[in-house]
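Below are the chains, spelled out letter by letter.
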Amino acid sequence: IGEPEAFGRGQKICEYVRSLAPALELDQTWDIEVAAMLAPIGFMTIPPSIVQKIHAGLALTTSEKDMVDRIPEIGFNVLSKIPRLGPAAQMVRQQGKNPGNTSASTDPIKSQRLRKGAQLLRILSELVDLESKGTPKRQAFDQMQVNWQLYDRPVLEATAAALLALESPGKRSGLKLKDLAPG
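For the structure given in this document, a descriptive report is provided here. None of these values were measured; they are calculated from a predicted model. (Residues numbered from 1 in each chain as written. Predicted model: local features only at pLDDT ≥ 70, side-chain atom pairs only at ≥ 80, totals over all residues. Heavy atoms only, no water.)

**Points about the pattern of salt bridges**
- Applying the stated criterion across every chain, the model contains seven salt bridges.
- Note that E33 and R18 form a salt bridge whose closest N and O atoms lie 2.9 Å from each other. One end of the pair, E33, is in helix α2 (residues 30-38); the other, R18, is in helix α1 (residues 4-20), with 15 residues separating them in the sequence.
- In this structure E33 comes out as buried when scored by relative accessible area, which is 15%.
- The salt bridge partner of E131 is K137, with a shortest N-O separation of 2.9 Å. (Salt bridge = Lys/Arg side-chain N within 4 Å of Asp/Glu carboxyl O. Helix = DSSP H or I, 4+ residues; strand = E, 2+ residues; numbered from the N terminus. Buried < 20%, exposed > 50% of the residue type's maximum accessible area, 1.4 Å probe, protein only.)

See below:
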């Protein structure tokens, strides 16, 4: 596949989705995980020179930004043709949209799940990008909170709380099994 870094990001997002599922009350995550893994498929349509500029953090021209902005729609177009990937395709399409600008389904429960999944992908994608630049998780969430209007705020807050709680020192122990002793 043409963009290995993008697919590595998808794997990291999948890991986050799995660890967040209980805290976000997601009973099934396969569709969100599939969306996370396949969302970068649109990167295959971007010329390598632009991908290199993105990875280097260089400024993009207006036409290059337009190409990058179309990645979710391209991913949707590819994935929507694959049977049973309709929900994942919708999440890929909607992850780049601000809350309130997502398309609604006639089924409110399905629509809510698609919006939540798309927003979760957006938040986790931003988190993974910031972490790859060396930004600590807490600081990354602080940066996202400053731009809260770009995200579904309840999903952002729940995601931050759950991931930061998983990282808290009280949750982990450096003790190894061989070091355990009676008393």
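Now that the structure has been shown, we can carry on.
**Describing the side chain of E64**
- Inspection of the secondary structure assignment puts E64 in helix α4 (residues 62-69).
- For E64, a relative accessible area of 13% corresponds to the buried category.
- Excluding its chain neighbours within four sequence positions, the residues that come into contact with E64 are I50, K53 and A59. (Contact = heavy atoms within 4.5 Å.)

**So, the packing of α2 against helix α6 (residues 86-94)**
- Interaxial distance between α2 and α6 falls to 8 Å at its minimum, and their mutual angle equals 55 degrees. Taken together, the axis directions place α2 and α6 in an arrangement best described as oblique. The crossing of α2 and α6 is right-handed. Here D31, I32, V34 and A35 of α2 come into contact with α6, specifically with P87, A88, M91 and V92.
- Across the contact of α2 with α6, the residue classes break down as seven nonpolar, no polar and one charged. (Axes fitted to C-alpha atoms, helices over the stretch in contact; angles between N-to-C directions. Parallel < 35°, antiparallel > 145°, perpendicular 65-115°, else oblique. Left-handed = near helix turned anticlockwise from the far one by under 90°. Nonpolar A, V, L, I, M, F, W, Y, C, P; charged D, E, K, R; others polar.)

**Observations concerning the environment of F141**
- Tracing the chain through its elements places F141 in helix α8 (residues 137-146).
- The class for F141 is buried, based on a relative accessible area of 2%.
- The sequence separation of F141 and L156 amounts to 15 residues, and the corresponding C-alpha distance is 8.2 Å.
- Beyond its immediate chain neighbours, meaning those up to four positions away, F141 contacts I123, L127, L156, T159, A160, L163 and L164.

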